[in-house]
Amino acid sequence: RSHPSSSSMLSPLLTLALGVVAVEGSALAGLKSRPTFAAGRQAVTNKLSTRTATPVLEKKPSATTVQSALNRATSQPLKTNPLRSLGRAARRLSAKAAPIKSGPRYTSSDWFKNIKSLILLKSDILKRISSHLTFNILLAVVGATWFHYYPEHFLNLGAIGHSLSGAALSLLLVFRTNSAYDRFWEARKILGSVVDNSRGLARIAPTALPPKAAADFGRMIVAFPYMLRLHLTGRGQKPISETSDAPDVLPFFDKDQVKTVETYFSRPFATLSLMNQILHSQQSKYPGEDQAKTLEMLPQRHILQRNVNLLAANTGACERIQGCPVPLSYSRHLSRYLTLWSATLPLVLAPMLQWWSIPVIAAICWSLFSIEEVGHMIEEPFLALPYDQVQTKRVADVIKRDTVNIYKQQLGVDLATREFEDPAKLVAPVPRDIAYN
């Protein structure tokens with residue numbers, strides 16, 4: 001300390017030491033903040049790549065473009081809420097493309113409405129069994145009165161006989177209802193097959209036939225399910241113009257075709273006959289179609305003929321259900337058994353319940369007669385069921401909607417008005433390449 005040169009030598013060394021400590025401290029802080037060596041190497045790589053890569057400049061709109069856009073946006077002030085206008089447009093589009101509604105369905109919330117219709121005597125089944133039910137209620141009143149005034153002369157049958165015979169009666173009712181429901185479900189499956197075969201025709205006909213022949217064929221596709229519906233619902237011999245389906249089917253028929261169809265007893269087969277005439281006529285060939293091209297188009301036209309034959313088979317299956325009921329002896333035996341069982345029920349319940357036997361017998365007879373009548377109703381799915389529960393109307397509407405849309409998309413033709421968007425398609429040449437799926 002006393003030597004002056006020593007102090008002068010220590011000061012640079014001290015400064016150097018403090019600098020080294022500071023550098024090491026900053027290096028340690030940097031190492032702590034850096035997660036891994038790989039991350040540091042990646043950062044260096046990214047930095048080098050940004051130096052060597054060519055910068056991409058984002059193209060910005062010019063001032064003139066921005067000003068013109070602002071002028072267009074502000075030139076017409078909004079008078080209404082734009083969201084409300086969009087909502088109206090969406091509702092209009094959804095109304096045009098609204099799905100076809102199905103038949104009425106039962107839900108758990110309908111229980112009060114069902115009880116109300118029963119109490120107010122508006123039930124369809126109750127109306128159909130009213131005479132039989134009234135007869136048994138009168139027998140119950142006679143039995144209760146007989147036991148009340150002349151108990152010593154009352155004919156008491158006991159409960160054993162009805163208990164033993166009730167099991168057999170239950171089996172007969174179950175088998176009868178199941179056999180009737182099988183007929184209903186088979187009818188629904190056949191109508192589903194009609195939809196599938198009609199869609200197959202509508203999908204292939206626009207590419208397998210010339211435009212005009214395809215349009216004529218498509219109109220018959222639309223008309224067929226309505227003719228089948230009229231035939232199955234007992235209106236097949238009425239003039240088409242006098243039926244409720246006239247607005248749906250008449251726009252797709254010519255006057256001559258209406259006369260031809262009305263001369264047939266089976267109008268769906270008449271419509272299929274018109275389809276066959278189109279398939280085998282000269283207009284089913286393209287202009288200038290040679291034999292080689294005919295052979296090339298043959299697979300698609302064979303599919304059309306096959307689907308027409310399948311529609312004929314579907315019609316025959318529906319007629320089988322309509323014309324061949326459940327064996328009459330089965331229905332008669334069940335009706336006789338149920339009538340005798342319920343008619344003798346007052347002789348069993350009057351000694352036990354006295355006057356209360358009247359409402360009890362009425363409830364029992366109502367439940368059993370209703371089960372039997374449900375079997376009678378669903379046995380004839382096309383005629384006896386109310387509200388068209390087998391959905392013949394919905395099937396026809398679905399086929400009409402899909403066929404019209406397919407032809408509008410593929411050929412640009414409105415089947416109802418028979419107008420083409422491009423009249424040049426009427427003289428379309430033979431398609432060169434056809435892809436078969």
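Look up a bit, the structure's there.
Description of the structure in this document.

1. A short note on the nonpolar core
Stage number 1. Among the nonpolar cores identified, the biggest contains 59 residues, and Phe217, Phe253, Met275, Leu304 and Tyr407 are the most heavily contacted of them.
Stage number 2. If you list the elements that add at least two residues to this core, you get helix H8 (160-208), helix H9 (211-232), helix H11 (255-262), helix H12 (267-279), helix H13 (291-323), helix H16 (357-379) and helix H17 (392-410).
Stage number 3. It is H9 that contributes the most residues to this core, 14 residues altogether.
Stage number 4. With residues near it in sequence (within four places) discarded, Leu304 still touches Leu201, Ile204, Ala205, Ala208, Leu209, Phe217 and Leu279.
Stage number 5. In terms of nonpolar packing, the next biggest core, distinct from the first, is built from 19 residues, Leu126, Ile129, Ile361 and Leu368 among them.

2. A closer look at unusual backbone geometry
Stage number 1. Positive phi outside glycine occurs at Leu121, with the angle close to 60°.
Stage number 2. The topology assignment puts Leu121 in the loop between helix H5 (111-119) and helix H6 (124-128).
Stage number 3. Leu121 gets classed as exposed once you look at its relative accessible area, which sits at 58%.
Stage number 4. Positive phi, normally seen in glycine, also occurs at Arg418, with a value near 65°.
Stage number 5. As for its placement among the helices and strands, Arg418 is situated in the loop between strand S1 (413-414) and strand S2 (419-420).
Stage number 6. Looking at Arg418, the relative accessible area reads 33%, which means it is partly exposed.

3. Details of a nonpolar patch on the surface
Stage number 1. Nonpolar side chains collect at one region of the surface, where Tyr106, Trp111, Phe112, Ile115, Ile119 and Leu120 lie side by side and expose about 730 Å² of accessible area between them.
Stage number 2. Of note, Phe112 is situated in helix H5.

Criteria and cut-off values
- Residues numbered from 1 in each chain as written.
- Predicted model: local features only at pLDDT ≥ 70, side-chain atom pairs only at ≥ 80, totals over all residues.
- Heavy atoms only, no water.
- Core = buried A, V, L, I, M, F, W, Y, C linked by side-chain atoms within 4.5 Å.
- Buried < 20%, exposed > 50% of the residue type's maximum accessible area, 1.4 Å probe, protein only.
- Helix = DSSP H or I, 4+ residues; strand = E, 2+ residues; numbered from the N terminus.
- Contact = heavy atoms within 4.5 Å.
- Patch = residues over 30% accessible without salt bridge, like charges linked within 9 Å, V, L, I, M, F, W, Y side chains within 5 Å.
- Areas by Shrake-Rupley, 256 points an atom, 1.4 Å probe, with all protein chains shown as cover.
- Salt bridge = Lys/Arg side-chain N within 4 Å of Asp/Glu carboxyl O.

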